[in-house]
Amino acid sequence: MLFKIGRDIFHRWEGNPALTLADIPFRCNTVFNGTPVKRGDEYLLLLRIEGQQGYSFFALAKSRDGFRFDVEEKPVLLPARDGVWGRYESQGIEDPRATCIDGTYYIMYTATGDYGHRIALAKTDDFHAFERVALISEPGNKDGVLFPEKINGQYVRLDRPIGLGTGSIWISYSNDLYSWGDSKVLISPRSGYWDSYRIGASAPPIRTKEGWLEIYHGVKMTSAGPVYRAGTVLLDLEAPSKVVARCSVPLLSPREDYERVGDVGNVVFACGAIVEPTGEVKMYYGAADTCVCVATAPLQEVVDCTLNHNSQN
Ligand code: BMA
């Protein structure tokens with residue numbers, strides 16, 4: 001018997017993968033983990049490209065419908081090669097996450113260097129000229145995402161200090177985006193679940209009436225290696241260090257060949273989402289560290305699923 005039930009809450013765009021190596025107008029190794037913004041009628045996707053040298057940098061793609069993108073001729077942000085930033089970006093810049101606050105786009109990304117991974121913050125108005133703001137963590141931290149508004153007068157971010165080796169999602173606060181503190185653990189890997197090995201924030205949080213919706217990635221370790229899936233947690237709107245609900249099941253799991261096979265197989269890894277006026281969420285994710293894909297779901301369905309399958313073990 002053929003079962004037609006959808007296996008995931010998110011529905012893959014039938015044109016996936018949206019971007020592959022064939023769409024990049026210069027030589028490189030892979031394209032993946034892009035972060036989206038919508039400006040008027042235009043969609044921008046800041047892409048992570050891994051060059052043939054082996055390190056990553058960012059390029060820009062544009063679209064009118066959020067699905068079909070054209071990639072610009074030249075990269076828009078390369079790793080710094082001198083000064084303080086050069087020291088900490090010597091192995092590349094990775095996994096950008098864009099958040100718009102008061103008309104300025106802030107990009108949290110991973111600066112990768114000889115000392116490890118640090119969270120870096122840059123800002124831009126046009127996605128061509130970027131100003132590096134600050135390195136905002138010590139090594140051993142990545143997956144930084146900035147909330148899209150101040151909460152009780154403070155900027156808020158999620159991140160993933162690796163701690164004892166597994167890594168939990170933490171929350172921190174700042175008055176000025178430079179100095180961060182009041183850090184608390186938010187959620188940890190759940191033994192026996194799809195996110196039992198490692199977790200990290202994926203998309204900048206989305207405001208809903210039920211709370212801040214965070215799409216995060218969870219990893220299960222298997223005898224064949226890690227499997228990266230996307231899941232959700234809802235955080236209190238006024239006190240985001242309080243978890244309202246954490247979905248027991250993932251909302252997207254690697255199943256298609258382009259998610260199963262690539263430089264790193266069995267990976268779906270979101271770096272952002274757009275909520276349309278219709279209530280549809282478009283989630284942008286890297287698949288198998290080798291291409292960029294889009295999946296959609298009604299926002300309310302994602303929230304309801306998180307509330308109805310709450311398990312905070
Ligand atoms: C994570 C990050 C991502 C990558 C994923 C799967 O740790 O490095 O950039 O997509 O692993 O390899």
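Residues numbered from 1 in each chain as written. Predicted model: local features only at pLDDT ≥ 70, side-chain atom pairs only at ≥ 80, totals over all residues. Heavy atoms only, no water.

This brings us to the overall build of the protein. Along the backbone of the protein there are three helices and 21 strands. Its C-alpha atoms give the protein a radius of gyration of 18 Å, within 12% of the compact-globule value 20 Å for 313 residues. Long-range pairs, those at least 24 residues apart, make up 50% of the contacts in the protein between residues at least 6 apart in sequence. When the accessible area of the protein is evaluated, it comes to approximately 13,300 Å², of which 48% is carbon and sulfur surface. Across the protein, 33 positive and 39 negative side-chain charges occur, with their mean positions spaced 4 Å apart. (Helix = DSSP H or I, 4+ residues; strand = E, 2+ residues; numbered from the N terminus. Rg over C-alpha atoms; globule rule 2.2 N^0.38 Å. Contact = heavy atoms within 4.5 Å. Areas by Shrake-Rupley, 256 points an atom, 1.4 Å probe, with all protein chains shown as cover. Lys, Arg positive; Asp, Glu negative; His and termini not counted. Charge placed at Lys NZ, Arg CZ, Asp CG, Glu CD.)

What follows covers the site of the ligand. Around the ligand sit Asn 33, Arg 48, Asp 95, Lys 142, Tyr 228, Val 264, Val 267, Phe 269 and Asp 289, and that is every residue in its neighbourhood. Within the side chain of Asp 95, one N or O atom sits 2.6 Å away from an oxygen atom of the ligand. Here Tyr 228 contributes a side-chain N or O atom positioned 3.1 Å from an oxygen atom of the ligand. In isolation the ligand has 310 Å² of accessible area, and contact with the protein removes 83% of it. (Near = heavy atom within 4 Å. Polar contact = N/O pair within 3.5 Å; in protein donor to acceptor, adjacent residues only side chain to side chain.)

The next point concerns helix α3 (residues 299-308). Along α3, the residues that are buried comprise Leu 299, Val 302, Val 303, Cys 305 and Thr 306. Along the axis of α3, the buried positions cluster into a sector of 160°, meaning they face one direction only. (Buried < 20%, exposed > 50% of the residue type's maximum accessible area, 1.4 Å probe, protein only. Arc of directions from axis to C-beta.)

Strands belonging to one sheet form pairs held by backbone hydrogen bonds; the direction of such a pair is parallel or antiparallel. Within the open sheet, the four strands sit side by side as β10-β11-β12-β13. Their pairing is antiparallel. Two strands bound the open sheet, and with one partner strand each, they are β10 (141-146) and β13 (181-187). Neighbour to neighbour, the strand axes of the sheet diverge by 30° on average, direction disregarded. Bridge count between strand β12 (residues 169-174) and β13: four bridges; the pairing is antiparallel. Directly across from Ile 171, in β13, lies its bridge partner Lys 184. (Pairing = 2+ DSSP bridges. Axes fitted to C-alpha atoms, helices over the stretch in contact; angles between N-to-C directions.)

For strand β20 (residues 280-287), a buried count of seven out of eight residues is recorded, marking the element as mostly surrounded by other parts of the structure. In the sheet, strand β19 (residues 268-275) pairs with β20 via seven bridges, with the strands oriented antiparallel. Paired with Ala 273 across the bridge in β20 is Met 283. Between the end of β19 and the start of β20, which pair antiparallel, lie four residues, with Gly 279 showing a positive phi angle near 95°. Where β20 meets strand β21 (residues 291-298), eight bridges bridge the pair, whose relative direction is antiparallel. What sits directly across from Ala 287, in β21, is Cys 291. Between the antiparallel neighbours β20 and β21 lie three residues, among them Ala 288 with a positive phi of about 50°.

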